[in-house]
Amino acid sequence: EITRHSATGFTGFAGITPGVIDRGLGRRTLRARVRPYPGRVTAGGRTYQIRTYGCQMNAHDSERLAGLLDEAGYQPAGDGETPDVVVFNTCAVRENAADRLYGNLGHLLPQKKKGMQIAVGGCLAQMERTRITQRAPWVDVVYGTHNMASLPALLERARVRHEAQAEFAETLETFPSLLPARRQSAYAAWVAISVGCNNTCTFCIVPSLRGKEKDRRPGDILGEIRALVADGVLEVTLLGQNVNSYGAEFGDRSAFGKLLRGCGEVAGLERVRFTSPHPRDFTDDVVDAMAQTPNVMPSLHMPLQSGSDRILKAMRRAYRRDRYLAILDRVRASIPDAAITTDIIVGFPGETEEDFADTLELVRRARFAGAFTFRYSIRPGTPAATMDDQVPAEVVQERYERLTALVEETTYAENQKLAGTTVEVLVAEGEGRKDAATHRMSGRARDNRLVHFTPDQATPRPGDVVTVTVTRGAPHYLLSDAAPLSVRRTRAGDAWEAAAAAPASSAPVSAAP
């Protein structure tokens, strides 16, 4: 489904900030003047495919890229169909991100010779810039994180001129949320409340690629959410590199808690989630808003990164382990059934066995419902990349294996406690890879745990809500083998059914009120 959302100051045109534009194969540099978003480009029914890597913000941005291409006359490629245009929306967080991109670009070279166009955007494109067209000269378009609205015009320019187009803007002119969108889900939606980040974590490349934090106005955000709910959406996830610093740009440090309470007043909105907060900015007013707003879900993703105070200081994380544990205690005191997940990095420069032991001890105390664990990898351009005492790869791997084993043990124990309990599940599409083989369906409980259940004689649709009894817990999911206790058909399920029945390319562009 394609929607257009409007907000104060948005005229329907995305201006491009003056900046460096590299054309051809990256040698000739010109200065661009500000110009309006070019509007519809006649694509002649050409098809496209978007390949998304990385975080939820990239998933959100890919929906906007799809909306832009739809509006420009392109059509989504069907399953098994070779598209005319492939767009890579990239991530720069992982060490092997560049190798993965160039490997995938190489695989497309045979299709490129048949007329396919290839575009590369996202964080890795913002970082690599014209090095992409130098290393893979068959790429047609490279664009940055701040000017995704340029994609249709750049594709057309590359096609007409028969030369690669690379364009970057240094500051953001238009929030991606204000661009047209083809949403991937009829029942759940991403809503960006801010872009960029003001933190200076020594391991992270994102602030240099996404820029300083820019906040949307609360009324614009709530207006978008109301429009989504009118389309049938039951669940929204508020997105930002650091959601609970939201409001700093316009001088209201309590704005995020107020925004959560505002979401609670949106009729028909059943579930609100957010990601990701930062422990430094996580305040009691946000905990109170979570606890007192019924549609804010009892789930919290709170990145830890390390359980060692010494390593946290080297990372410039601006909190220490006691502060982190105090946040968890405060959340659990106010929201006893909250499921808390986290991020942890193993092998940061200078990490000793004692530092790592501190991380393991904190994981045991925290009782996480899940954790994303990462081996530290050097990201050029970050302070950590040039630090002394880089940890040998074999040591990092051995610690990583110990950490993941402990996380699995912990999450398994936490999930086993839920056997026999009743959970409400928003039925989802694509959550269970083995659903067809096991004759089950899947979805997320209110606390965001993955639940696989047996529908029995019931016929719930994605977007409907079922109540089931948990038979047992596994390390990464809950299982229900009993028949659902209830099935509630919803507007979201109706929206999914209507979207499933409609041709993929027939979704109209509509304007949000």
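Attention here is on the structure that accompanies the text. Fair warning: this is a prediction, and the values are worked out from it, not measured in the lab. Going along each chain's sequence as written, the residues are numbered from 1 onward. Whole-chain, interface and lining totals are the exception, using all residues; otherwise, since this is a predicted model, local features are given only for residues with pLDDT of at least 70 and side-chain atom pairs are given and counted only at 80 or more. Computation of side-chain values covers all heavy atoms of the structure but excludes hydrogens and water.

## Concerning helix H2 (residues 97-112)
Helical geometry: 3.6 residues make up each α-helical turn, so side chains three or four residues apart lie on a common side.
Next, step 1: Here a strand is any run of E in DSSP of at least two residues, a helix any run of H or I of at least four, and the numbering for each starts at the N terminus. Expected span, for any helix, means 1.5 Å times one less than how many residues it has. Relative to the 22 Å expected for 16 residues at 1.5 Å per residue, H2 spans 22 Å between its end C-alpha atoms, a close match to the ideal helical length.
Next, step 2: At Gly106, H2 shows its maximal kink, close to 25 degrees; a proline, Pro110, follows between one and four residues later.
Next, step 3: Remark: exposure states derive from per-residue accessible area (1.4 Å probe, protein chains only) relative to the maximum for the residue type, with buried under 20%, exposed over 50%, and partly exposed in between. Within the span of H2, buried status applies to Ala97, Ala98, Leu101, Tyr102, Asn104, Leu105, Leu108 and Lys112. Bend is computed residue by residue as the angle between axes fitted to the seven residues ending at the residue and the seven residues starting at it.

## Regarding the side chain of Gln165
Next, step 1: With respect to the helices, strands and loops of the structure, Gln165 is situated in strand S9 (residues 165-167).
Next, step 2: On the basis of relative accessibility, which here comes to 0%, the residue Gln165 falls in the buried class.
Next, step 3: Throughout this description, a polar contact denotes any pair of N or O atoms lying within 3.5 Å of each other; where both atoms belong to protein, one of them has to be capable of donating a hydrogen while the other can accept it, and for residues adjacent in sequence the pair is counted only when both atoms sit in side chains. A polar side-chain atom of Gln165 sits 3.3 Å from the main-chain carbonyl oxygen of Glu163.

## Concerning the sheet that holds strand S15 (residues 271-275)
Next, step 1: Judged by pairing direction, the sheet is parallel, and its three strands sit side by side in the order S11-S14-S15 without closing on themselves. Edge positions in the sheet fall to strand S11 (188-192) and S15, since each of these pairs with one other strand and no more. Between one strand axis and the next, the sheet turns through 25 degrees on average, direction left out of account.
Next, step 2: At least two bridges found by DSSP between two strands are what make those strands a pair. In this sheet, S15 lies alongside strand S14 (residues 235-239) in parallel orientation, the contact comprising five bridges. Bridged to Val236 within S15 is Val272. Axes here refer to lines fitted to C-alpha atoms; in helices the fit is confined to the stretch in contact. Angles between the N-to-C directions go from 0 to 180 degrees.

## As for the sheet that holds strand S24 (residues 478-480)
Next, step 1: Across the sheet, seven strands lie side by side as S23-S24-S21-S20-S19-S22-S25; this open sheet has mixed pairing. Two strands in the sheet have a free side with no partner beyond their single neighbour: strand S23 (472-473) and strand S25 (486-488).
Next, step 2: Across two bridges, the pairing between S23 and S24 is antiparallel. Counterpart to Gly473 in the pairing with S24 is Leu478.

## Brief notes about the packing of aromatic side chains
Next, step 1: Any two of the Phe, Tyr and Trp rings considered here, Trp counted by its six-membered ring, make a pair once their centres fall within 6.5 Å; the pair's planes then place it as stacked at under 30 degrees, edge-to-face at over 60, or tilted in between. Counted according to the given criterion, the structure contains six aromatic pairs.
Next, step 2: Taking the centre distance of 5.5 Å and the plane angle of 80 degrees together, the rings of Tyr246 and Phe250 count as edge-to-face.
Next, step 3: Among the residues examined, Tyr246 registers a relative accessible area of 0% and is labelled buried.
Next, step 4: Centre to centre, the rings of Phe348 and Tyr376 are 5.5 Å apart; their planes meet at 70 degrees, and the pair counts as edge-to-face. A residue pair is termed long-range when its members are at least 10 positions apart, and Phe348 in the loop between strand S17 (339-346) and helix H12 (353-366) and Tyr376 in the loop between strand S18 (370-375) and helix H13 (393-416) qualify at 28 residues.

## Here we look at the pattern of salt bridges
Next, step 1: What makes a salt bridge here is a side-chain nitrogen of Lys or Arg within 4 Å of a carboxyl oxygen of Asp or Glu, nothing more. Per the counting criterion, the structure on display carries 32 salt bridges.
Next, step 2: Across the salt bridge formed by Glu431 and Arg444, the nearest N and O atoms sit 3.1 Å from each other. With a gap of 13 residues between them, Glu431 in the loop between strand S19 (422-428) and helix H14 (435-438) and Arg444 in strand S20 (residues 441-445) connect regions that are remote in the sequence.
Next, step 3: The class of Glu431 is partly exposed, set by a relative accessible area of 28%.

## Some remarks on the packing of helix H1 (residues 56-71) against helix H5 (residues 151-161)
Next, step 1: Between H1 and H5, the shortest axis-to-axis distance is 9 Å and the interhelical angle comes to 55 degrees. What the angle tells us is that H1 and H5 run oblique. Contacts between H1 and H5 involve Leu65, Leu68 and Leu69 from the first element and Leu151, Pro152 and Leu155 from the second.
Next, step 2: Of the residues assigned to the contact of H1 with H5, the class counts are six nonpolar, no polar and no charged. Throughout this description, any angle smaller than 35 degrees is read as roughly parallel, any larger than 145 degrees as roughly antiparallel, any in the 65 to 115 degree range as roughly perpendicular, and the remainder as oblique. When checking whether two residues touch, look at their non-hydrogen atoms; a contact exists if any pair is within 4.5 Å. Three categories are distinguished: nonpolar for Ala, Val, Leu, Ile, Met, Phe, Trp, Tyr, Cys and Pro, charged for Asp, Glu, Lys and Arg, and polar for the others, with Gly belonging to the last.

## What about the environment of Pro279?
Next, step 1: Tracing the chain through its elements places Pro279 in the loop between S15 and helix H9 (284-292).
Next, step 2: According to the relative accessible area criterion, Pro279 is buried, its value standing at 0%.
Next, step 3: Separated by 40 residues in the primary sequence, Pro279 and Tyr319 have C-alpha atoms spaced 6.8 Å apart.
Next, step 4: Leave out the neighbours within four places in its chain, and Pro279 touches Met302, Pro303, Arg317, Tyr319, Arg323, Tyr324 and Ile327.

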